[in-house]
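If you want the building blocks of each chain, they are given just below.
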Amino acid sequence: MKDEATYRRLFRTALLIRLVEERIIALYPSDKIQSPVHLSIGQEAVAAGVCDGLRPDDLVFATYRSHGFYIAKGGRLDVMFAELYGRTGGISGGKAGSMHLAAPEVGLMGSSAVVASTIPHAVGAALSADEGACPVPVRGQRPCRA
Ligand SMILES: Cc1ncc(C[n+]2csc(CCOP(=O)(O)OP(=O)(O)O)c2C)c(N)n1
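It should be emphasised that the depicted structure is a prediction, and the values quoted were computed from it without experimental measurement. (Residues numbered from 1 in each chain as written. Predicted model: local features only at pLDDT ≥ 70, side-chain atom pairs only at ≥ 80, totals over all residues.)

1. Points about the overall build of the protein
Okay, so step 1: Within the protein, the regular secondary structure consists of five helices and four strands.
Okay, so step 2: Put simply, the protein runs from its N terminus to its C terminus through helices and strands in the order α-α-β-α-α-β-α-β-β.
Okay, so step 3: Here the protein has a C-alpha radius of gyration of 15 Å; the compact-globule value for 146 residues is 15 Å, and the two agree.
Okay, so step 4: Seen along its three principal axes, the alpha-carbon backbone of the protein occupies a region of about 45 × 35 × 25 Å.
Okay, so step 5: Residues counted as buried form 34% of the 146 residues belonging to the protein.
Okay, so step 6: Sequence-distant contacts, at least 24 apart, represent 58% of the contacts inside the protein between residues at least 6 apart. (Helix = DSSP H or I, 4+ residues; strand = E, 2+ residues; numbered from the N terminus. Rg over C-alpha atoms; globule rule 2.2 N^0.38 Å. Buried ≥ 20, exposed ≤ 12 C-beta atoms within 10 Å, placed from the backbone. Contact = placed C-beta atoms within 7 Å.)

So this is what it looks like as structure tokens:
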């Protein structure tokens, strides 16, 4: 661990991801959430750690377990929940839901349920990226470098 401030920042992000996903668990039986959800409980540190080392303009291509990467990349929680609720105020107008979260403004380019499809997406982004940019495809909870 580098220093106390880094530890606290990583812990805060991981805790936020956990609390958001526990809230999703609590809400799900109410039928307010309009899409299937896939959680990453116990894997919060992966998203927190990977995204902490990224620049804001580095790109992440996530899977259907994307809440953690969305949050760690700096996505807004209010529009994420609006998206899960199927509302027009959601990031994708309520049409994408949990499985296809995207927040291009913070570098989360999208989330795909097709296993390993993030890899060609990230390679394409890497080939067209500016020098030094770092597209990160996530497969399962195992991010790699494009
Ligand atoms: C191309 C493709 N083949 C098969 C599936 C069916 N499928 C859905 S989840 C899954 C397992 C994925 O395992 P992993 O990448 O480790 O993610 P995890 O859900 O365990 O986090 C499979 C094979 C799929 N979605 N896409």
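2. A word on the pairing of strand E2 (residues 108-112)
Okay, so step 1: Judged by how many residues are buried, E2 sits mostly within the fold: four of five residues are covered.
Okay, so step 2: Two strands pair when backbone bridges link them, and strand E1 (residues 60-63) and E2 are joined in this way by four bridges, in the parallel orientation. Among the inter-strand pairings, Val60 is bridged to a residue of E2, identified as Leu108. (Pairing = 2+ DSSP bridges.)

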